[in-house]
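# Summary of structural features
What follows is the residue order along each chain.
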Amino acid sequence: MRIRQLIEANLPLTPVPSVPEIRLHKAGPGSGLSRFAQTDKSFDTPYWAYHWGGGLALARHVLDHRESVAGRRVLDLGAGSGIVGIAGAMSGASYVTAADVDRYAIVAIELNAAANGVNIETFHGDVTIGSPPDVDIVMVGDLFYEAGLAARVTAFLDRCLAARIEVLVGDPWRAFLPHGRLKLLAEYPGGDFGTSGADSRGNAVFAFTRE
Ligand SMILES: C[S@@+](CC[C@H](N)C(=O)[O-])C[C@H]1O[C@@H](n2cnc3c(N)ncnc32)[C@H](O)[C@@H]1O
């Protein structure tokens, strides 16, 4: 079965609790994601099938501050389900590209964008190794979860700032965040994926700033 059909058949479209304006194909107990892995050796950790604290906070923030993206060209970096880019498109961004290294995420983003009635371009690959993109703002939801990745993303965001591109980050206060480079803009309650929320510090939205 093709990826599109697998997602449509096994991951129901569900409203996002803290961002009810958006519906996403989300994995549940009956989705059988392990079957995907058995039939496709390229299947990787399905980040795209879940909600992440950083993306939830950033999507909420953008929808509540539409002026931050309205009329601007947006890159959603490490897009997963596409929740941040979808929020950007709903908030009046002139153009949204969602980039992810996982081809399942690319299909999920296309399905989720269509389900929410917005247009999003997708890019399958690692943009962090290249030049800054031709956009006005880069939005990063929950991409500081591994040390090496966090270092690469930070270096890329530095190149974006140097190219006068604004950068917003949503994150559940992970250890690998470049804390000294971030200006806190807003905090939102709620847990990270896999926690109840009760032991969580919540999720935050930051502006990435120069050293
Ligand atoms: C924790 S998920 C967050 C997804 C989404 N931004 C959100 O907040 O819901 C991280 C995503 O980043 C993607 N990713 C990891 N490294 C990447 C890279 N170098 N370039 C683009 N995407 C990447 C993963 O495939 C995954 O979909």
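Membership of the largest hydrophobic core comes to 58 residues, with the highest contact counts inside it found for A59, I83, A87 and V138. The element contributing the most residues to this core is helix 5 (residues 103-115), with 8 residues.

As a matter of local geometry, the ligand sits amid 23 residues, with Y47, G55, G78, G80 and G141 nearest to it. Put simply, the parts of the chain that give the shell around the ligand at least two residues each are helix 3 (53-64), helix 4 (83-90) and strand 4 (95-100). Here the residues of the shell around the ligand sort into 12 nonpolar, 7 polar and 4 charged.

On to the sheet that holds strand 5 (residues 121-124). Across the sheet, 7 strands lie side by side as 5-4-3-6-7-9-8; this open sheet has mixed pairing. Of all strands in the sheet, those bounded by a partner on one side alone are strand 5 and strand 8 (182-188). In this sheet, adjacent strand axes meet at a mean angle of 20° when their direction is disregarded. As judged from the 4 bridges shared by strand 7 (residues 166-171) and strand 9 (residues 203-208), these two strands associate in the antiparallel manner.

Helix length check: helix 6 (residues 147-162), at 16 residues, gives a terminal C-alpha distance of 23 Å against a target of 22 Å (1.5 Å per residue), a fit within 8%. Against strand 6 (137-141), strand 7 and strand 9 lie the buried residues of helix 6. At the exit of helix 6 stands R164, carrying a positive phi of roughly 65°.

Next up on the list: the pairing of strand 1 (residues 13-16). Here strand 1 runs beside strand 2 (residues 19-25); their pairing, made up of 4 bridges, is antiparallel. Looking at the pairing, T14 lines up with L24 of strand 2. Where strand 1 hands over to strand 2, the hairpin turn is made up of 2 residues, counted between the paired strands.

Attention shifts here to the packing of helix 3 against helix 4. In the contact formed by helix 3 and helix 4, the axes pass within 8 Å of each other and the chain directions differ by 5°. With respect to each other, helix 3 and helix 4 are oriented roughly parallel. Facing G55, L58, A59, V62 and L63 of helix 3, the residues of helix 4 in contact are I83, V84, A87, G88 and M90. Residues belonging to the contact of helix 3 with helix 4 are distributed by class as follows: 8 nonpolar, 2 polar and no charged.

Looking now at the packing of helix 1 (residues 3-10) against helix 5. In the contact formed by helix 1 and helix 5, the axes pass within 9 Å of each other and the chain directions differ by 60°. In this view, helix 1 runs oblique relative to helix 5, as classed from their interaxial angle. In this structure, helix 1 crosses over helix 5, and the sense of that crossing is right-handed. When helix 1 is examined against helix 5, the residues I3, R4, I7 and E8 are found in contact with a partner set consisting of Y104, V107, A108 and L111. Among the residues forming the contact of helix 1 with helix 5, the class breakdown is 6 nonpolar, no polar and 2 charged.

Another point: helix 5. With 13 residues, helix 5 extends 19 Å between its outermost C-alpha atoms, agreeing within 8% with the 18 Å of an ideal straight helix rising 1.5 Å per residue. Three or more residues of helix 5 are buried, namely Y104, A105, I106, V107, A108, I109, L111, N112 and A113. In this structure, the buried side of helix 5 is in contact with helix 1, strand 2, helix 4, strand 4 and strand 5.

Thresholds, definitions, all that
- Residues numbered from 1 in each chain as written.
- Predicted model: local features only at pLDDT ≥ 70, side-chain atom pairs only at ≥ 80, totals over all residues.
- Core = buried A, V, L, I, M, F, W, Y, C linked by C-beta atoms within 7 Å.
- Buried ≥ 20, exposed ≤ 12 C-beta atoms within 10 Å, placed from the backbone.
- Helix = DSSP H or I, 4+ residues; strand = E, 2+ residues; numbered from the N terminus.
- Near = placed C-beta within 6 Å.
- Nonpolar A, V, L, I, M, F, W, Y, C, P; charged D, E, K, R; others polar.
- Pairing = 2+ DSSP bridges.
- Axes fitted to C-alpha atoms, helices over the stretch in contact; angles between N-to-C directions.
- Expected span 1.5 Å × (residues − 1).
- Contact = placed C-beta atoms within 7 Å.
- Parallel < 35°, antiparallel > 145°, perpendicular 65-115°, else oblique.
- Left-handed = near helix turned anticlockwise from the far one by under 90°.

Purely geometric stuff here, so don't read any function into it on its own.
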